[in-house]
Amino acid sequence: MRASQFLIATQKETPADAEIISHQLMLRAGMIRKLASGLYTWLPLGLRVLRQVETIIREEMNAAGAQEVLMPAIQPAELWEETGRWQKYGAELLRVKDRHDRDFCVGPTHEEVITDMARNELRSYKSLPANFYQIQTKFRDERRPRFGVMRAREFIMKDAYSFHVDRDSLDETYEQMYATYSRIFERLGLDFRAVQADGGSIGGSSSHEFHVLADSGEDLIAFSSESDFAANIELAEAVAPESSGSQQSLEKVATPGQHSIEEVSSFLQIPAAETVKTLILRTDENCDQPLLALVLRGSDTLNEIKAAKIHGLSEPLVMADEKEVRTATGAAPGSVGPLDLKIPVYVDRAAAALAAFVCGANEDGFHFKGASWGRDCHSQYTVVDLRNVVEGDPSPDGKGQIQLKRGIEVGHIFKLGAQYASAMNATVLDANGKATVMEMGCYGIGVTRVVAAAIEQNHDENGIIWPDAIAPFSLALAPLNMHKSEAVREAAEALYRDLQAAGYAVLMDDRNERPGVKFADLELMGIPHRLVISDRGLKEGTLEYKGRRDAESRNVAQADVLDFLKEVLSGSH
RNA sequence: CGGGGCGUAGCGCAGUCUGGUAGCGCACCUGUAUGGGGUGCAGGUGGUCGCAGGUUCAAAUCCUGCCGUCCCGACCA
């Protein structure tokens, strides 16, 4: 490709509304442009990267025996009513009506459509297992789109759905997809981790996320320092510490105006880890009490995913208002404690392990010191895992300690089980001639997000540094002063021809620009390899090579350049 | 959806408080010189000041409403 015939839309200045580096660089390098909130046009440069990512995903999915399909982006409401999600999905589902006033949605995911296809086309256990995938545009009407294509409303996803006669077959394909995903992210050249994950609203029993490690990531991942344990913090089990400290006598102390944990712990000169906070939350119709209490150490934070598993708790979690808190406990928030409450009480393992703790006295302006569960709490309570793990916690597998890192979720695999197939009556005949509901798995990769994640992980102060595998061009030719120097022009054109013939994706910067402009643009765009052709070098029969990460360039004899590139670029074609 | 900020040329901004000719840098076009790190000089193109209404002799500027957009809190590839 000649730069003179390719849209090079680089910008010097960073658009004011781009927060994270990948968003800034994608705009500055001329990969994307915003059309509206959460909607982006992919310019030629960006699209080349996107296609590279898609190609790798496609190759690996095909190699794993998955079959590519393409489903409509617009889906009829009837299918979503079959699974109940037309009601349940909420505002993120963009609903539209056609000219006949029929309801449709712009697909945020495709379980319904694929299950409909499967029940129509799959009749016998003999055609199972089957795994279908597509690379397609999704739309989720996010409350708050941000970070450019990282969290856009319209985005491209590779989604795959597998169908099975039984659980064993699902397990097998799930393992195979796990391995396939690992291979895909390895080939993409990304530093990633597979972690245990919560099934989330899509449901299902077993689930792993694939995260690209980056400080800008929105997720926290817990690792063990000693073992291969890795889990999203949403799921990571917080193990109960040894019962610590010694019993003290119970003492009621006046704590006027001291409400928050920080205030109380500094007022009483007692560490937050030896205090207890009591959160009063609303319940749903499955609970005969209007409120319940969650108890954590003052130093811990509530893990809402874990809390949501408590039976009867409203979802999403809603804190009780001040009036409700007073009715239930006799005190205002800030003086509430877990002792002798009349509502159900759930105590985090770590809080339950305290031998003596500070808590609200359920009387405005008073707290207890030295409280003990066994001695002082005369009402029932349940001990559960409620807190987020923190650095230094013991790993749940008993080996090593927890470390936390930030990650960008780029892939997620689920075992869906039979929930969709059963709701939509998707059955096949088994070996006994009996109709049996299929088991399903589902496997997603955020294709557009992968592009942004790759930049988060690979950039410097001059711009993007593409991994070879997804670079928009493998290498660039930068002929200097070619519009004046016949020798440079001829050498550059000849080299360009040879490199193209050899199959390289090469960008020939034939623009009539000064060297500094070319260097800056090529670096901003992240092209991993660069050859400079100049009068100076040609006199000595050399070209100048520089890898995007190299500090210095080196000279290569003109005659050896093809062999040299073959070596440098090996593995990337 | 709640709270806050911002809407002036493709991008980054000033001007708004205190009403009176719409400005700067980058980009873009022309000419010229230059030719190894976003080059210099000269000239130039481009804006219903987010939209609508109001106040006023006069509105980018004051008032009202709406829209868009970004940031902070509940979901997810």
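For the structure itself, look to the data block above.
Residues numbered from 1 in each chain as written. Chains lettered and ligands numbered in written order. Predicted model: local features only at pLDDT ≥ 70, side-chain atom pairs only at ≥ 80, totals over all residues. Heavy atoms only, no water.

Give me the sheet that holds strand β17 (residues 357–360): which residues, what numbers.
A sheet is described by the order of its strands in space; here three strands give the open sequence β13-β18-β17, paired in antiparallel fashion. Both edges of this open sheet fall to β13 (251–254) and β17, since each of them pairs with a single strand only. Taking the axes of each pair of neighbouring strands and ignoring which way they run, one obtains an average angle of 30 degrees across the sheet. Bridge count between β17 and strand β18 (residues 366–371): three bridges; the pairing is antiparallel. Counted as the bridge partner of Gly360 is His367 from β18. (Pairing = 2+ DSSP bridges. Helix = DSSP H or I, 4+ residues; strand = E, 2+ residues; numbered from the N terminus. Axes fitted to C-alpha atoms, helices over the stretch in contact; angles between N-to-C directions.)

An account of the side chain of Asp348 is requested, with residue identities and associated values reported.
Looking at the secondary structure, you find Asp348 in strand β16 (residues 345–348). Take Asp348: its relative accessible area is 0%, and that puts it in the buried class. Residues in contact with Asp348, not counting those within four places in the same chain, are Val295, Leu296, Asp300, Val383, Val384, Asp385, Leu386 and Arg387. (Buried < 20%, exposed > 50% of the residue type's maximum accessible area, 1.4 Å probe, protein only. Contact = heavy atoms within 4.5 Å.)

Would you mind going over the pairing of strand β10 (residues 206–213) in detail, with residue names and values included?
Here β10 lies mainly inside the structure; seven of its eight residues are buried. Pairing between strand β9 (residues 192–196) and β10: five bridges, direction antiparallel. Residue pairing for β10: Ala194 is matched across the bridge by Phe210. As paired elements, β10 and strand β20 (residues 402–417) share eight bridges and run antiparallel to each other. Bridged to Glu209 within β20 is His412.

Quick one: what's the story with empty space enclosed by the protein, residue by residue and with numbers?
Applying the stated criterion to the full structure yields one cavity of 30 Å³ or more. Volume-wise, the largest cavity comes out at about 60 Å³. Lining the largest cavity we find Ala476, Leu522, Glu523, Ile527, His529, Arg530, Lys546, Gly547 and Arg548. Within the lining of the largest cavity, the residues separate by chemical class into three nonpolar, two polar and four charged. (1 Å grid on protein atoms, 1.4 Å probe; cavity = no way out; pocket = protein on both sides within 12 Å on 5 of 7 lines; lining within 4 Å. Points joined across faces, edges and corners; volume = space filled by probe spheres on them. Nonpolar A, V, L, I, M, F, W, Y, C, P; charged D, E, K, R; others polar.)

Break down the environment of Gly298 for me, with residues and values.
Along the polypeptide, Gly298 turns up in the loop between β15 (291–297) and α8 (304–308). We classify Gly298 as buried; its relative accessible area is 12%. Residues Gly298 and Met438, spaced 140 residues apart in sequence, show a C-alpha to C-alpha distance of 47 Å. If near-sequence neighbours (up to four positions away) are discounted, Gly298 is found in contact with Ile261, Ala272, Thr275, Val276 and Lys277.

Residue-level account of the sheet that holds strand β28 (residues 529–533), with values.
If you walk across this open sheet you meet the five strands as β27-β26-β28-β29-β30, and the pairing is mixed. Two strands lie at the open edges of the sheet, namely β27 (506–508) and β30 (554–557), each paired on one side alone. The mean angle between the axes of side-by-side strands here comes to 25 degrees, regardless of whether they run parallel or antiparallel. Inspection of the sheet shows strand β29 (residues 542–547) paired to β30 by four bridges, in the antiparallel sense. Bridging from a neighbouring strand, Glu544 pairs with Asn555 of β30. Across the sheet, helix α14 (residues 486–501) lies against β26 (475–479), β27, β28 and β29, angled at about 165 degrees from β26, the strand it touches most.

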